[in-house]
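Working through the structure, step by step
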Amino acid sequence: MIYFLIFILLFSSSINDDYQTGLDAYAIGDYQTAMKKWTALVEGPPTAVNPLVYVETHYAIAMLYWQGQGVPRDFHKSYEWLLKAANLNHAGAQAKLGSLYTDGVAVPRDFNMAFEWYSKAAKQGDRDGQYNLGIFYLNGWGTGQDTTLAKMYLAAASAQGDEAAEQALAGANSFANNIEANNEEANNEEAKSDELQINSLPPDVEAPPPVGANLFAIDNDEPPIRDETWILSQNPDQYTIQVIGLSTTEKLKALINGHDNLAPFAIYTVQRSSSPIQVLIQGSYADVDAARTARDKFPREINPPDQVWIRQFGKIQELIAAEGMGDG
C-alpha cells in the first residue's frame, strides 16, 4: 500500500497539480491516470516541484509496477524506480530493495546487498528496514551474527507496532536465555567432572587447569590461542580481525599452525541453529587503519583478505555477554 498522508498534510499548498491529480486518481482506483500524471511530474525539471514530493513520486511509480496497478506487474521496472527513489534517500524504497535482494526477485539473490539497503532504511527509522535488519543480524545473513544488534533493531520495529518484530524479539530473548541456561548447566557438569578427576589423580600426576583457565592454550611450538576471558579484557574501542568460524577448535588450531608471527589469536563461541560455532579472531589493533593494514596482508592459506573482516572488540564483547558466555 502507498502512504501519502504525511505529504498531503505537510505539503498540500505546494503539491504539483500532476501529483495531486494522480493522487486523486489513485484514491478512486484509476491507476492508469495516476501513472500518467506521476510520470509526467518526474519527467519534468526536479526544481519545479517540492523535493520530498519529487522523491515520493518515484516511489509511487515503483509501487504501481510492484503491485501491477494500472500497468502489468513488472518487478524489473519496479526495481529501476525503487533504485532511483532509494538513491534519493527514500527509506521505504531502500527497504523494498532489500526485500528484492533477499528473495532474488528481479535481481540475483544477494544477502550482502540486502543487508546494505536494510541498514540504510533502518537508520532512517523505517519499520520494515529495522525488522529485516534485526532478522539479518539474528541469523548472520550478509553480516556477522550479532544477537545484541538483532534485539536492538527488532525492539525498534516492535515499538512502531510491528507484530512480527515483537514475536521475533521474544524468540531471540528466549533463545539467548536457553543458551545461558545450557552454558550454566554445562559449566556445572564440567566443574563436577574436574573435581572428580582432580580428587582421583595419583600424587605424581599434574592436575589439569582449574575451571575458567585458558583451555585453548597449546604447546610452545604452536601459536597461543586465548579464550573469551582475554577478549573481554581487551579495550572495547580497539579492533581485531575476525578470521573464520568452524565447528571445532581443533580445526582452527590446524588452520593456523605455523603462523606464530600472527599471535595472539583468540576463540569465542556463537550458537547457530543449535550448533555451536567456534570463531577465530586475530590480533589487537589500536585503530581501524592498523587493522586494515593487517587485514590486507592476511595469509591466504588461512583465509583470503577479502574473506576476513575487521570488528571492534566492543561488538564481540556485547555478543559474548548477550549470549551468556564468558562467565567462566
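Quick summary incoming for the structure in this document. Everything numeric here is computed off the predicted structure, so don't read it as measured data. (Residues numbered from 1 in each chain as written. Predicted model: local features only at pLDDT ≥ 70, side-chain atom pairs only at ≥ 80, totals over all residues. Heavy atoms only, no water.)

Now for the overall build of the protein chain. Within the protein chain one finds 14 helices and 5 strands. Accessible surface computed for the protein chain: about 16900 Å², of which carbon and sulfur atoms make up 50%. (Helix = DSSP H or I, 4+ residues; strand = E, 2+ residues; numbered from the N terminus. Areas by Shrake-Rupley, 256 points an atom, 1.4 Å probe, with all protein chains shown as cover.)

In the structure shown here, the tally under the stated rule is 5 salt bridges. One salt bridge in this structure joins D289 and R292, with 3.3 Å as the shortest N-O distance. Placement of the pair is D289 and R292 together in helix 13 (residues 288-296), with a separation of 3 residues, close to one helical turn. By relative accessible area, D289 is classed as partly exposed at 49%. (Salt bridge = Lys/Arg side-chain N within 4 Å of Asp/Glu carboxyl O. Buried < 20%, exposed > 50% of the residue type's maximum accessible area, 1.4 Å probe, protein only.)

A few words on the nonpolar core. W38, I61, L82, L97, L100, L133 and Y137 are the most contacted members of the largest nonpolar core, which has 42 residues in total. Counting only elements with at least two residues in this core, the list comes to helix 2 (17-27), helix 3 (31-43), helix 4 (51-67), helix 5 (75-87), helix 6 (91-103), helix 7 (111-123), helix 8 (127-139) and helix 9 (147-159). Per-element tally for this core: the top contributor is helix 4, with 10 residues. Listed in part, the 16 residues of the second largest apolar core include I256, F265, L280 and Y285. (Core = buried A, V, L, I, M, F, W, Y, C linked by side-chain atoms within 4.5 Å.)

Quick look at the packing of helix 4 against helix 5 now. At a minimum axis distance of 8 Å, the contact between helix 4 and helix 5 shows a crossing angle of 165°. In terms of axis orientation, helix 4 runs roughly antiparallel to helix 5. At the point where helix 4 passes helix 5, the crossing takes the left-handed sense. Between helix 4 and helix 5, the contacting residues are V55, H58, Y59, I61, A62, Y65 and W66 on the first element and F75, K77, S78, W81, L82, K84 and A85 on the second. (Axes fitted to C-alpha atoms, helices over the stretch in contact; angles between N-to-C directions. Parallel < 35°, antiparallel > 145°, perpendicular 65-115°, else oblique. Left-handed = near helix turned anticlockwise from the far one by under 90°. Contact = heavy atoms within 4.5 Å.)

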